[in-house]
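What follows is the residue order along each chain.
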Amino acid sequence: EVKSNPNIQQQRKALPVYKHRKRLLEEIRKHNSLIIIGETGSGKTTQIPQLLLSSGMQGGSGCIGITQPRRVAAVSIARRVAQEQGVQLGSQVGYCVRFEDVSTSDTRIKYLTDGMMVREAMRDENLSDYSIIILDEAHERSVQTDVLLGVARRAQSLRKLKSQTPLKLLIMSATMDADKFRKESPANEDILVFLTGQEEIEAAVMTARQVAKQLEKTSEVHPPLKVFPLYSALPTHQQLEAFKPSPPGMRKLVLSTNVAETSVTIGGIRHVIDTGVVKVRTHHPTTGLDVLRVENISKAQAWQRTGRAGRESPGKCYRTYTNNDFERMKEMPVPEIQRCSLAGVALQLLAIGVDITTFDFMDKPPKEAVEVAVGCLEKLGAVKGSPPQLTTLGKTMSLFPLDPRFTKVLLASVEHKCLEEALTVIALLSGESVFTEPPAKREQAHAARARFASMEGDHVTLLNVYRGYMGASQKKPWCHDNFLHPRNLEYATEVRKQLAGLAERANLERASCGANTESLRKSLLEGLSDNLAELQRDNTYLTLSTRQPVAIHPSSTLHTSRPQLVLFTEVVATGRCYLRDLSVIDSSWITTK
Ligand code: ADP
Ligand code: MG
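How each quantity is defined
- Residues numbered from 1 in each chain as written.
- Chains lettered and ligands numbered in written order.
- Predicted model: local features only at pLDDT ≥ 70, side-chain atom pairs only at ≥ 80, totals over all residues.
- Heavy atoms only, no water.
- 1 Å grid on protein atoms, 1.4 Å probe; cavity = no way out; pocket = protein on both sides within 12 Å on 5 of 7 lines; lining within 4 Å.
- Points joined across faces, edges and corners; volume = space filled by probe spheres on them.
- Helix = DSSP H or I, 4+ residues; strand = E, 2+ residues; numbered from the N terminus.
- Nonpolar A, V, L, I, M, F, W, Y, C, P; charged D, E, K, R; others polar.
- Pairing = 2+ DSSP bridges.
- Axes fitted to C-alpha atoms, helices over the stretch in contact; angles between N-to-C directions.
- Contact = heavy atoms within 4.5 Å.
- Near = heavy atom within 4 Å.
- Polar contact = N/O pair within 3.5 Å; in protein donor to acceptor, adjacent residues only side chain to side chain.
- Areas by Shrake-Rupley, 256 points an atom, 1.4 Å probe, with all protein chains shown as cover.
- Parallel < 35°, antiparallel > 145°, perpendicular 65-115°, else oblique.
- Left-handed = near helix turned anticlockwise from the far one by under 90°.
- Phe/Tyr/Trp six-rings, centres within 6.5 Å; stacked < 30°, edge-to-face > 60°.
- Buried < 20%, exposed > 50% of the residue type's maximum accessible area, 1.4 Å probe, protein only.
- Lys NZ or Arg CZ within 6 Å of the ring centre and 35° of its normal.

1. Here's the deal with empty space enclosed by the protein
Vacant regions in the atomic arrangement are exposed by a probe of water-molecule size rolled over the atoms.
Part 1 of the reasoning: Evaluated as defined, the whole model comprises two cavities of 30 Å³ or more.
Part 2 of the reasoning: There is about 30 Å³ of room inside the second largest cavity.
Part 3 of the reasoning: Along its surface, the second largest cavity is lined by A212, L215, E216, H222, P223, P224 and L225.
Part 4 of the reasoning: If one sorts the elements of the lining of the second largest cavity by residue count, helix α8 (residues 198-218) sits on top with three residues.
Part 5 of the reasoning: For the lining of the second largest cavity, the per-class residue count stands at five nonpolar, one polar and one charged.

Take a look at the structure:
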């Protein structure tokens, strides 16, 4: 067992939540539903569950579940709290995120992504394992938190009806004021930079490391710089590196997505650089497309970022945009439920036994978005009738923690006798890109990539990468030689194992198509039949369903071959709409369907 550090205990007592603990516990005891609002850094997420545990309010075998919109937050906070409790992570304090469960039946404080808690409700609509559920970061308005609020309230009344132990529901939210309560004063002036996503961050990490090396050689005034990326697709232990205090005499530079905006605290930050942009996934009900787009942040987010510079010792935030840009920003970000595809949510709710068309949402999503979602599930064969009911296929689909269209690919691949290959491709698409491209070695990287390239498209290319990876006896050097991310491949392998386990439970037949990868593309078509684009006379592409102009992303193996008909996995908007992860489709496959 790990001993809790006395210094940490002192830090805990200095947090505002500690000062108000009596009142907090009193109110929580009195009310079964409560909203708690406090500044970022005041100790809500880390302290309140521990206070509840020591008060015994969670009851004998009851668990306190705290939900987070992001995986990185759930993992890093659980780790911090285990440390504060002086216990091994996964024992009394644990976490559960998609594809990774670090908890046991002894776990009393469990941090979960909101999506995982929705899955818990699919397993047991009463949420009986939990005596207290805390919906954290409610101000972020992630679609799963919004859904969870309705689901948890439903569990509350179900338990009341059945005279079971009451379920306490706490909703926690940060005020939009900056974090006033950061007590520890930064040891060496660490820097936090907000960027948009993995690719941008990895490129910046590379550049910053080179600059840092240069500085070390030439300058004596600057302390050596340690550079850390932070984004949710980064493997957990790498994410956690960014949280470690910088060694004495060193300076830390963290390049992060908006994950460091409110949900996690990185100690020691004194300077913040805010680029004013964020990458968001937006669903267009009219076009039916999910688009990843870099957008301006809202004013509220800009202030949150500023606040991460710490108030104790004078911190600084550098905004790389003008005052005019700031004035043009929206006051608040748009809740995800109003801008995302609801097909997955609708399927989850139906599996819990709730009809999305009548569900009690905090902010009702647009009616068309609900209709599109149900329509999409009907098309996939997951629901039928009005009000919509889950079909047998839909029930199986709800078992998989994937976009329903991806799950459909898996189920279709059973018919096409290529589940093995489909599992691989879906697992690889679930994580971040496995290809690396160091700016200094771009050409070698492209040459390496060409070795895996398939004329059939990027999905078969991914399959080739995975097959090569599995065949390699020395995985790390093999990845290095082939310009591939060993950790992203490792993650995909893990995800694949989990998906294979679910397939096993659903009794799906695990066949392999070997070299006949046409059947894999046919399976992809069954799940992603809305994602097709056709070559025009003028060499541009239009999406088949909505005639939207699009282009093939330069990273695709089909970038130069320009096939007549392509299936795409996602659309990235950077000025133009680019299609990513494509497969060649034969038009006869569509007409015969
Ligand atoms: P809130 O949820 O109110 O934003 P938290 O409970 O997340 O606050 O954090 C409370 C305090 O705990 C922070 O201000 C910080 O001092 C400390 N803290 C939290 N996580 C870490 C960590 N990973 N490393 C160091 N300190 C941390
Ligand atoms: Mg918090």
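2. What to know about the sheet that holds strand β10 (residues 251-256)
Part 1 of the reasoning: The strand order across the open sheet formed by five strands is β9-β10-β8-β11-β14, and the pairing between neighbours is parallel. On the outer flanks of this sheet lie β9 (225-230) and β14 (316-319), each paired with one strand and no other. Ignoring which end each strand starts from, the neighbouring axes of this sheet average 15° apart.
Part 2 of the reasoning: Running over the sheet, α8 touches β9 and β10 and is turned about 175° from β9.
Part 3 of the reasoning: Contacting β8 (190-194), β11 (269-274) and β14, helix α10 (residues 299-307) runs over the sheet at an angle of about 140° to β14.

3. Things to note about the site of ligand 1
Part 1 of the reasoning: Within the structure, ligand 1 sits among 13 residues, and G41, G43, K44, T45 and T46 are positioned closest to it.
Part 2 of the reasoning: Note that an oxygen atom of ligand 1 is positioned 2.6 Å from one of the backbone N or O atoms of G41.
Part 3 of the reasoning: Note that a nitrogen atom of ligand 1 is positioned 3.3 Å from one of the side-chain N or O atoms of R80.
Part 4 of the reasoning: In isolation ligand 1 offers 560 Å² of accessible surface; the protein chains occlude 90% of this area.
Part 5 of the reasoning: A total of three residues in the shell around ligand 1 trace back to one element, the largest contributor, which is helix α4 (residues 44-55).
Part 6 of the reasoning: Its residues placed into classes, the shell around ligand 1 shows two nonpolar, seven polar and four charged.

4. Comments concerning the packing of α4 against helix α5 (residues 71-85)
Part 1 of the reasoning: It is the contact of α4 with α5, at a shortest axis distance of 10 Å, that shows an interaxial angle of 45°. Accordingly, the angle class assigned to the pair α4 and α5 is oblique. Crossing handedness for the pair α4 and α5: right-handed. Across the interface between the two elements, T45, T46, Q47, Q50 and L53 of α4 pack against I77, R80, V81, E84 and Q85 of α5.
Part 2 of the reasoning: When the residues that make up the contact of α4 with α5 are grouped by side-chain class, the tally is three nonpolar, five polar and two charged.

5. Examining the packing of aromatic side chains
Part 1 of the reasoning: According to the stated counting rule, one finds four aromatic pairs in the structure shown.
Part 2 of the reasoning: Here the aromatic rings of W303 and F326 are separated by 5.9 Å at their centres, their planes lie at 85°, and the arrangement is edge-to-face. With W303 in helix α10 and F326 in helix α11 (residues 323-328), this residue pair connects regions lying 23 residues apart in the sequence.
Part 3 of the reasoning: The class for W303 is partly exposed, based on a relative accessible area of 43%.
Part 4 of the reasoning: With 5.9 Å between their ring centres and 70° between their planes, F452 and W478 make a pair best called edge-to-face. Taken together, the residues span a long stretch of sequence, with F452 in the loop between α17 (442-450) and α18 (458-471) and W478 in helix α19 (residues 475-481) at a distance of 26 residues.
Part 5 of the reasoning: Taking relative accessible area as the criterion, F452 reaches 8% and is therefore assigned buried.
Part 6 of the reasoning: In textbook terms, an aromatic cluster arises when at least three aromatic residues are bridged by ring pairs, as seen for F452, Y469 and W478.
Part 7 of the reasoning: Stacked on the ring of W303, the Lys or Arg R319 has its end atom at 4.4 Å from the ring centre.

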